[in-house]
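Each chain, written out:
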Amino acid sequence: MRIAVVGSGYVGLVTGACFADLGHEVVLVDNDEQRVEALRKGEVPIHERFLPELLTRHRGGRIKFSGDLQAATRASEAIFIAVGTPPTESGDADMSYVESVAREISGAVDEYKVIVEKSTVPVYTNDWIRTIITRNGTDPELFDVASNPEFLREGTAVTDFLYPDRIVVGAESERAAELMCQIYSPLTSGWYYGRADAIPRPEKAQVSPPRLIVTSAQSAEIIKHASNAFLAMKISFVNAVASICESVGANVEQVCDGIGADSRIGPRFLKPGIGYGGSCFPKDLMAFRAVATESGYDFRLLEEVIRINEDQRRRFLRKVRSVLWTLRGKRLGVLGLAFKGGTDDIRESPALLLVQELLREGCKVCAYDPAAMERAKEALGNGAEFAADAYQAAKGADAVLILTEWEEFAALDLERLRGVVKYPIVLDGRNLYDPAAMTAHGFSYYSVGRPPALSEPAAARSAKREHA
Ligand code: UDX
């Protein structure tokens, strides 16, 4: 099929590249000329696994880049809108980019097309897009508006797209639903999975082809917001449980093992840490709360989810202070700046927010992140030092802080690390290590929701204090 994808950010690029891999003819449209030029030249502006491979595979063939939205609309049967919906000051989503795309599309609808909303949007966006397009003179019989929310995680967006748990389509007409089913049929029929050159199936992905769920437009828009809010709630819930575990001396990993074994709850998204961040959860929770308030429902549960998340960072900071006593002038080796492992994204990163707080407290921070350093340098300016690897960051440190769940931080050479630090103290905000392994290497190890594990001299001091 012929598809236009508008917006070449995370969602648009991944969607366009994956549609091309499913066999469709894709035009990726962006009004940023430099970005379009860079994409044409083969640059990949985001750090996303398998995206470079897919773009190389299809660039100049099934995927083309353009700045001309009207031409792309005329040439396509479906137009996916994947432009940004940043939060406004009051927390609701700014829909002006979506509106201007809808306005521009309307001049180019010369035969039946489906306009698909892919950005995360408030309920009734579908109706608004329809109104804007007809208001600008398009025959309402010539188009339908559908909603097709994405559930892509950064870092695994390509495999999330190609091996989804489900595909949600909100469509108000049979014709639009039928067209959307056709677009996704390479996945729902299982055809893609039999291909020798398919992007490999991730370990945890379901084996059977995904279900395509057709709903009303409003339901699809709520599904997206409610899914993200539920996942964020799971994280805040487990973070609250971790805090109780710390107070009573329980171990949150054991507790989560026990909770997650209940198939009604499930083990995923139950990892405690320094809180969630990123471009989606914080923004979508605010937007969902705004939608709820507007519809007359006071969704206080969401406020609590947000409050616990923010508190989680403060708790970690208190932990650093309780271990180091005073912070001014202390040298900290910080491992991780991205909002999670596998990405260079620092938007709403709890790691970065913590570093900023530590700098305000007068700490000297030497940080390392496998992908997010360039972006972090812009955000932190001269405030922090940056290292070439984890060991350089830890060199001479009063303590090492693990703030992002990168795989390489879970596989450090502990002997080597022990050799470079000033004091063998690790504060792990992501629970990447077995506490016993850390003490065996001479570290005092503090994590989230688990009893501290003290190296022998530290344990002896602590016992002496208790005795006194
Ligand atoms: C999220 C949703 O998962 C995705 O479906 C949606 O489309 C976009 O938002 P993403 O923001 O890429 O994706 O990241 P995700 O992997 O969901 O993690 C979000 C944050 O929660 C990260 O900061 C991560 O560190 C944190 N997290 C996640 C936890 O603290 N504990 C967990 O168990 C899982």
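The model shown is predicted, which means the values in this text are computed figures rather than measured ones.

Novice: Is there a simple way to think about the side chain of Arg430 in this case?
Specialist: Along the polypeptide, Arg430 turns up in the loop between β13 (425-428) and α17 (435-440). A polar contact is formed between the side chain of Arg430 and the backbone oxygen of Phe339, at a distance of 3.4 Å. Once you skip the residues sitting within four places of it in the chain, Arg430 turns out to touch Ile274, Gly275, Phe339, Pro350, Ile402, Leu403, Thr404 and Glu405.

Novice: So what exactly am I meant to see when it comes to the site of the ligand here?
Specialist: The environment of the ligand is formed by 19 residues, the closest being Glu154, Lys271, Phe339, Lys340 and Glu405. Leu270 places a polar main-chain atom, nitrogen or oxygen, 3.4 Å from an oxygen atom of the ligand. When isolated, the ligand has an accessible area of 660 Å², and the protein chains bury 93% of it. Among the elements that take part in the shell around the ligand, helix α9 (residues 217-248) stands out by supplying three residues, more than any other. Looking at the shell around the ligand, its residues break down into nine nonpolar, two polar and eight charged.

Novice: What is the right way to read the domain arrangement of the protein chain from this model?
Specialist: Frequently, the measure chosen for interface size is the accessible area that the parts lose on association. Its domain assignment divides the protein chain into domain 1 (2-215), domain 2 (229-308) and domain 3 (319-467). For domain 1 and domain 2, the distance between their C-alpha centroids amounts to 29 Å. Listed per partner, the contact involves eleven residues of domain 1 and eight residues of domain 2. Note on domain 1 versus domain 2: buried area summed over both sides is about 840 Å², and carbon and sulfur give 57% of it. Taken together, the links from domain 1 to domain 2 amount to zero salt bridges. Counting the contacts that link domain 1 with domain 2 gives two residue pairs in polar contact (both at pLDDT 80 or more). The residue inventory of the side of domain 1 that touches domain 2, partitioned by class, reads four nonpolar, three polar and four charged.

Novice: How should the packing of helix α1 (residues 10-21) against helix α3 (residues 51-58) be read in this particular structure?
Specialist: Two elements in contact, α1 and α3, have axes separated by 9 Å at closest approach and are oriented at 55 degrees. If you check the angle between α1 and α3, you find them oblique. Crossing handedness for the pair α1 and α3: left-handed. Side by side, α1 and α3 meet where Leu13, Val14, Ala17, Cys18, Ala20 and Asp21 of the first sit next to Leu51, Leu54, Leu55, Arg57 and His58 of the second.

Novice: Is there a simple way to think about the sheet that holds strand β8 (residues 211-215) in this case?
Specialist: The strands making up a sheet associate through hydrogen bonds between their backbones, and the pairing can be parallel or antiparallel. One open sheet accounts for eight strands, arranged β3-β2-β1-β4-β5-β6-β7-β8; its pairing is mixed. Sheet topology places β3 (63-66) and β8 at the edges, where each strand pairs with a single neighbour. Taken over all neighbouring pairs, the strand axes of this sheet differ in orientation by 25 degrees on average, direction set aside. Taken together, the four bridges between strand β1 (residues 2-6) and strand β4 (residues 78-81) define a ladder with parallel strand orientation. Looking at the pairing, Ala4 lines up with Ile79 of β4. Sitting on the sheet, helix α6 (residues 125-135) touches β4, β5 (113-117) and β6 (143-147), and the angle it makes with β6 is about 155 degrees. The sheet contacts of helix α8 (residues 174-188) involve β1, β4, β5, β6, β7 (166-171) and β8, and relative to β7 the element is tilted by about 165 degrees.

What counts as what
- Residues numbered from 1 in each chain as written.
- Predicted model: local features only at pLDDT ≥ 70, side-chain atom pairs only at ≥ 80, totals over all residues.
- Heavy atoms only, no water.
- Helix = DSSP H or I, 4+ residues; strand = E, 2+ residues; numbered from the N terminus.
- Polar contact = N/O pair within 3.5 Å; in protein donor to acceptor, adjacent residues only side chain to side chain.
- Contact = heavy atoms within 4.5 Å.
- Near = heavy atom within 4 Å.
- Areas by Shrake-Rupley, 256 points an atom, 1.4 Å probe, with all protein chains shown as cover.
- Nonpolar A, V, L, I, M, F, W, Y, C, P; charged D, E, K, R; others polar.
- Domains from an automatic or database assignment.
- Buried area = accessible area lost by both parts, 1.4 Å probe.
- Salt bridge = Lys/Arg side-chain N within 4 Å of Asp/Glu carboxyl O.
- Axes fitted to C-alpha atoms, helices over the stretch in contact; angles between N-to-C directions.
- Parallel < 35°, antiparallel > 145°, perpendicular 65-115°, else oblique.
- Left-handed = near helix turned anticlockwise from the far one by under 90°.
- Pairing = 2+ DSSP bridges.

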